[in-house]
Amino acid sequence: MTAFLAVTRSDDGRDHNFVGRKRLDWVVAAFWSRWTRGVGIRIREVQDCLRQAGGGISPAPSFSAKQAVISTIVHLSVTRDGPITASQIQTVSGTSQPTTANVITTMKDLGLLEQRDRSWGIRLKPLNPEQWLSLAREHIRTRKVFYFADPLKLTMVKAIFKRIHLLNSKGTLSGEQLRVGGVLGADAHYPLLDITAPRRVDVSTVMAADAIANMIDAGLQPIDESHAEFAILAVHVTRDPGSYTGNADGIPYASHFECLADLIELGYLNEAQEFAMHMSSVLECYQ
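Every value quoted in this text rests on a predicted model; they were computed, and no experiment measured them.

Time to look at the nonpolar core. Counting residues in each nonpolar core, the largest one holds 41 residues, and the members touching the most others are I73, L124, W132, L260, L263 and F275. Elements represented by at least two residues in this core include exactly α4 (65-79), α6 (97-109), α7 (129-142), α9 (182-189), α11 (256-266) and α12 (269-285). Broken down by element, this core gets its largest block of residues, seven residues, from α11. Excluding its chain neighbours within four sequence positions, the residues that come into contact with I73 are I84, I89, I104, M107, L113, I122 and L124. In this structure, V180, I216, I232 and Y253 belong to the second largest nonpolar core, which totals 24 residues.

Printed below as a string of structure tokens:
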């Protein structure tokens, strides 16, 4: 393979260096996809065997307890009226009492939380866009993202979304296992967001990324971050504290905070700031 990456040999016996690694990766992937379908070998079965042998694409999920607490505080503040107690945060985030208390203390010291008195509980203050983006960027650094693409470029965003809807309606994938974020999730929370054509589907999950991609479309291939612009599906392995199903489509959507992080990661910074201001306006309504 190393030799082939550098050189190919023509019929006249001369070597011609013209095959780039990036192009070759896609050619090999496309060939593998066609071949497996042609002989009836399902990629899902191959990947299941790899996982059983301990050779899956993505490692077992691991989560930051601190970020779980922060995400829970944001989620409960944006979706509930009134104060939030430490015990509620601990229950939803699944973290220990000392961890929960330490994060609350730190956020108080940073001036991010409101507490009228000890018995009242806490709430997240309406933050400015810079504060929101800072929190979201810290969250991005703690979660893992895995990218998947169709080498033949036959799969469209709409098809991925329809497949998720089907899996959800059948009960194959519940809102506890997978939630749609990114542009689609942000639009569900805030329909005034002006992004008309998402280039990929972003989902949040606590499961292994390859298992999720496999269930959605067995023909999708994992790609590394350097090829992320080709991704049709991005799987964010993270502990998302809440699911929003307010739309008529019944799709479980990722929390506001996950969607904000996705917009930043996608490079939609202006839209992320607009979405952050919407989150603050929601918080102001609950004051």
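That was the structure; now back to the text.
Summed over the entire model, instances satisfying the criterion amount to one cavity of 30 Å³ or more. Here the largest cavity is characterised by a volume of approximately 90 Å³. Forming the walls of the largest cavity are 13 residues, and the residues nearest its centre are F63, S64, Q67, T238 and R239. Looking at the lining of the largest cavity, the elements with two or more residues in it are α4 and α7. Class assignment for the residues of the lining of the largest cavity results in three nonpolar, seven polar and three charged.

Here we take up the side chain of R143. If you trace the backbone, R143 turns up in the loop between α7 and β5 (144-149). The class for R143 is buried, based on a relative accessible area of 8%. In terms of polar contacts, R143 uses its side chain to reach the side chain of E265, at 3.4 Å. Dropping the residues within four chain positions of it, R143 is found in contact with H236, V237, T238, E258, A261, D262 and E265.

Further remarks concern the environment of T100. Position of T100 among the secondary structure elements: in helix α6. Setting aside anything within four residues of it in sequence, one finds T100 in contact with V69, A86, I89, Q90, S93 and T95. Engagement of the side chain of T100 in a polar contact is seen with the side chain of T95, the distance being 2.9 Å.

In spatial order, the strands read β6-β7-β9-β5-β8; together these five strands make up an open sheet with mixed pairing. This sheet does not close on itself; its edge strands, each paired only once, are β6 (178-180) and β8 (221-223). Strand-to-strand twist across the sheet, computed as the mean angle between neighbouring axes with direction ignored, equals 30°. With three bridges joining them, β6 and strand β7 (residues 201-205) adopt antiparallel strand pairing. Along β7, the bridge assignment pairs R179 with S204.

The rules behind each value
- Residues numbered from 1 in each chain as written.
- Predicted model: local features only at pLDDT ≥ 70, side-chain atom pairs only at ≥ 80, totals over all residues.
- Heavy atoms only, no water.
- Core = buried A, V, L, I, M, F, W, Y, C linked by side-chain atoms within 4.5 Å.
- Buried < 20%, exposed > 50% of the residue type's maximum accessible area, 1.4 Å probe, protein only.
- Helix = DSSP H or I, 4+ residues; strand = E, 2+ residues; numbered from the N terminus.
- Contact = heavy atoms within 4.5 Å.
- 1 Å grid on protein atoms, 1.4 Å probe; cavity = no way out; pocket = protein on both sides within 12 Å on 5 of 7 lines; lining within 4 Å.
- Points joined across faces, edges and corners; volume = space filled by probe spheres on them.
- Nonpolar A, V, L, I, M, F, W, Y, C, P; charged D, E, K, R; others polar.
- Polar contact = N/O pair within 3.5 Å; in protein donor to acceptor, adjacent residues only side chain to side chain.
- Pairing = 2+ DSSP bridges.
- Axes fitted to C-alpha atoms, helices over the stretch in contact; angles between N-to-C directions.

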